[in-house]
Amino acid sequence: MQTTSGIPSLEAVDLQCARGERRLFDALNFTLRGGELLRIAGANGSGKTSLLRIACGLLEPTGGLVRWCGEDIRRLHEEFRRQLVYIGHADAIKDDLTAAENLDVACTLAGTRVQRAQVGEALHRLGLAGSEDLPARVLSRGQRRRVALARLVLSERVPLWLLDEPFTALDAAATDGLQGLVAEHVSRGGAVMYTSHHEARIAAEVALRIDLGSGPAP
Amino acid sequence: MTAALRCVIVRDLLLAARRSSDVLTVLLFFVIVVSLFPLGIGPEPALLRTIAPGAIWVAALLASMLALPRIFASDHADGTLEQILLGATPLGMTVAAKVFAHWLVSGLPLVLISPVLALQFDFPQELLGVLTLSLALGTPILSLIGAIGAALTLGLRGGGALLSLLVLPLYVPVLIMGAGSAEAAAAGIGGQAQLFLLGALLVFAGAFAPWAAAVALRISME
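Bear in mind that the values here come from a model prediction, so they are computed numbers and not experimental data. (Residues numbered from 1 in each chain as written. Chains lettered and ligands numbered in written order. Predicted model: local features only at pLDDT ≥ 70, side-chain atom pairs only at ≥ 80, totals over all residues.)

### A few points about the overall build of chain A
The test is simple: Segments assigned H or I by DSSP are reported as helices when at least four residues long, segments assigned E as strands when at least two residues long, and all are numbered from the N terminus. For this measure, only C-alpha atoms enter the radius of gyration; the expected value for a globule follows 2.2 Å times N^0.38, where N is the number of residues. Here the contact rule is simple: place C-beta atoms from the backbone, and any two residues whose C-beta atoms are within 7 Å are in contact.
Helices and strands together make up the secondary structure of chain A, namely 7 helices and 9 strands. A compact globule built from 218 residues should have a C-alpha radius of gyration of about 17 Å, and chain A, at 17 Å, falls within 12% of that. In terms of its C-alpha atoms, chain A occupies a principal-axis envelope of roughly 50 × 40 × 30 Å. Within chain A, contacts between residues at least 6 apart in sequence are counted, and of these 72% link residues at least 24 apart.

### So, the interface of chain B and chain A
Defined as follows: Polar here means any residue outside two lists: the nonpolar Ala, Val, Leu, Ile, Met, Phe, Trp, Tyr, Cys and Pro, and the charged Asp, Glu, Lys and Arg; Gly therefore counts as polar.
Counting residues at the interface gives 20 residues for chain B, matched by 22 residues for chain A. Breaking the side of chain B that touches chain A down by element, the ones donating at least two residues are α1 (2–18) and α5 (80–85) of chain B. Of the residues that constitute the side of chain B that touches chain A, the class distribution is 10 nonpolar, 4 polar and 6 charged.

### A closer look at the sheet that holds strand β3 (residues 36–41) of chain A
Residue and element names in this part refer to chain A. Note the cut-off: Note on pairing: DSSP must find at least two bridges between two strands before they are called paired. Angular values range over 0 to 180 degrees, each being the angle between N-to-C directions of two axes fitted as lines to C-alpha atoms, with helices fitted over their stretch in contact.
The strand order β6-β7-β8-β3-β9 describes an open sheet built from 5 strands, whose pairing is parallel. In this open sheet, the two edge strands, each paired with only one partner strand, are β6 (84–87) and β9 (206–211). Each strand axis lies, on average, 15° off the axis of its neighbour in the sheet, ignoring direction. Of the pairings in the sheet, the one linking strand β7 (residues 160–164) to strand β8 (residues 191–195) comprises 5 bridges and is parallel in character. What sits directly across from L162, in β8, is M193.

Right, here's the structure in full:
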């Protein structure tokens, strides 16, 4: 599964991020290994999303670098991207496609081959049974979020999960379901990094936490 | 990888089919603009025959311009573009697949309908082939060059107007070759030279434009 032998690890070295004039964080170091859970906390505008986008390579850090299994992610390109799942603020759901089509497209783009039956099962697990063939246009905000998150069920062999505010718009049952999914992934030896305003109840042997503070420094 | 590329093409075609009004708008725009020329100039067959290739080509340019923002805009708005950037396939190839799908729904219909429109100009029937072939070679170039501009202006306020300013000058060589091929054929000196040049431009644009657009996408997503 991994290209490098050993436990997969995501390592941030001296990360620095500035958006415009504002410096969000400075000299940030952490290591996230397989089997560990990392929660990014902090106030609105403290740089949680930016940190996640830097970690997956969508955003270039102002300074410092991110390593995956000891190698700079800027040099790994697709090799790194194949080993992560990023669920962002935006659900990446197309209104004109059905829930099942959306999930199928998301997995295929990420390089995961899925069967139609698996797609149905994943949606079922997220409580969307019966909505598979509805256009996403008629789904509620929470249901759309569930479609996006259903990708995680099909990504159990992808070592790194990066989730940006995964619990937003979810009801209690879906929140429990997602916490279960994350706990399973961590116990399988996967690494999960997520941002959240609230402490989630996820059983993990190693649960790390980074607090980006109350807001950007002047 | 081929699975991912096929998936992108099928998805974009499916989206276009489910939102066919977008496709029809571009086609109708093309038909109307081309039809304005005979109406405005009046029934002078010799003059109409002379301007036919130029008029059709300019209209094709404007119509493909109109369709350009759609290549990436909706994917950008709903976050799908982030997932495409993080995809397992090299981004340049995914962009090439998207441009191809875009051409199928916005460029190919123009090519297919142009012989019919040329009749309004009393354009010689034996030259319709050259005109259609020049459009078939030229419109993909327009989509490829346009993709770079669309990627650069993604998410900008007033991006549409900026996109025209950015891309239209780059369309000029295609316009000259495209319209020139049919004009040369009409003058009896054959349009092969222009068609070969268009073909060369297409190969060149096909090889490089997707990668340039990929870089532009990464920059506009930061």
